[in-house]
Each structure stands twice: as C-alpha cells, then as structure tokens.
Amino acid sequence: MTARLFDREVHPVYATAWMVRHVEEAGRLLIEPHLEPDEDATGYSIRLTHERPAQVGETVTVVARVTDVDARKCTADFEVLAKAGVVGRGTFVQRYVRRGRP
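Owing to the predicted nature of the structure, the values given are computational and were not obtained by experimental measurement.

1. Observations concerning the nonpolar core
Y14, M19, V23, A54, F78, V80, A82, V87 and F92 together form the largest nonpolar core, which totals nine residues. Elements that contribute at least two residues to this core include exactly α1 (16-31), β5 (73-82) and β6 (85-98). Here the element with the most residues in this core is β5; it accounts for three residues. Each residue touching F78, except ones within four places of it in the same chain, is listed here: V23, I46, R47, L48, V62, V63, A64, G88, R89, G90, T91 and F92.

See the structure below:
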C-alpha cells in the first residue's frame, strides 16, 4: 500500500491512492444498508487532504460519518487516523443510481 508510480515505489509510506480506496470502501459501508433493492450508489466526488505520512506496518483507520443526505446523494466527512493522529481528512459524495445501470 505504498506510494507507487510507473510500477515502482517512490515513497515507502501509505499512498494517497490507497487512502482514496479506503475512503470509498468506508463510504460504501455507510450507504449500502440503506439502498433500495433497485438502487445503487457510485462515487461522485472526493475531496481529500493527505496531511502526514503513515509508515509501513502502521495501522490506519477510516472514521466516516454521514453529514448530508438528499434525494440524489449522500455526503460523508471522514478522517483517516493512525497512532500519531490524523493522516488525512475530507469529504466523499456518492450519487444514487438505478441498480444495473451502465
């Protein structure tokens, strides 16, 4: 989960790309239990600030909470935490779509 570009490690720390993935997974866990049978959700926007590095082997935790819901979207604020404090924070928005829609 380190920072890799062009198929090589450029920094031996927690990569921003992995942080985005983990935030998307946390957002999905928040919204999935509330979706209707014919409804799905997809990532629409993410604003993320990577505030400090997390070292290889350090446990990181994503804490996300819904801050707004309307007929079209669900917004969640999040923090990514490690032993020394906040690694990243931001906002993730998911839009509702009809299940099976391309």
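Next comes the rest of the write-up.
2. Overview of the environment of G27
By secondary structure assignment, the location of G27 is in helix α1. Once the C-alpha coordinates of G27 and Q94 are considered, the two residues, 67 residues apart in sequence, prove to be 7.9 Å apart. Sequence-distant contacts of G27, that is, excluding residues within four places in its chain, are made with F92 and Q94.

3. Digging into the pattern of salt bridges
Taken as a whole and judged by the stated rule, the model has eight salt bridges. When the shortest N-O distance is used, the salt bridge between D70 and K73 registers 2.6 Å. Residue classification places D70 among the partly exposed residues on the basis of a relative accessible area of 33%. The residue R89 makes a salt bridge to E79 at a minimum N-O spacing of 3.1 Å. Of this pair, R89 sits in strand β6 while E79 sits in strand β5; the two residues are ten residues apart in sequence, bridging distant segments of the chain. On the basis of relative accessibility, which here comes to 34%, the residue R89 falls in the partly exposed class. A network of salt bridges, in which partner residues are shared, links R28, E32, D40 and R99.

Cut-offs and rules
- Residues numbered from 1 in each chain as written.
- Predicted model: local features only at pLDDT ≥ 70, side-chain atom pairs only at ≥ 80, totals over all residues.
- Heavy atoms only, no water.
- Core = buried A, V, L, I, M, F, W, Y, C linked by side-chain atoms within 4.5 Å.
- Buried < 20%, exposed > 50% of the residue type's maximum accessible area, 1.4 Å probe, protein only.
- Helix = DSSP H or I, 4+ residues; strand = E, 2+ residues; numbered from the N terminus.
- Contact = heavy atoms within 4.5 Å.
- Salt bridge = Lys/Arg side-chain N within 4 Å of Asp/Glu carboxyl O.

So, to be careful, I would describe these as geometric facts and stop short of saying anything about function.
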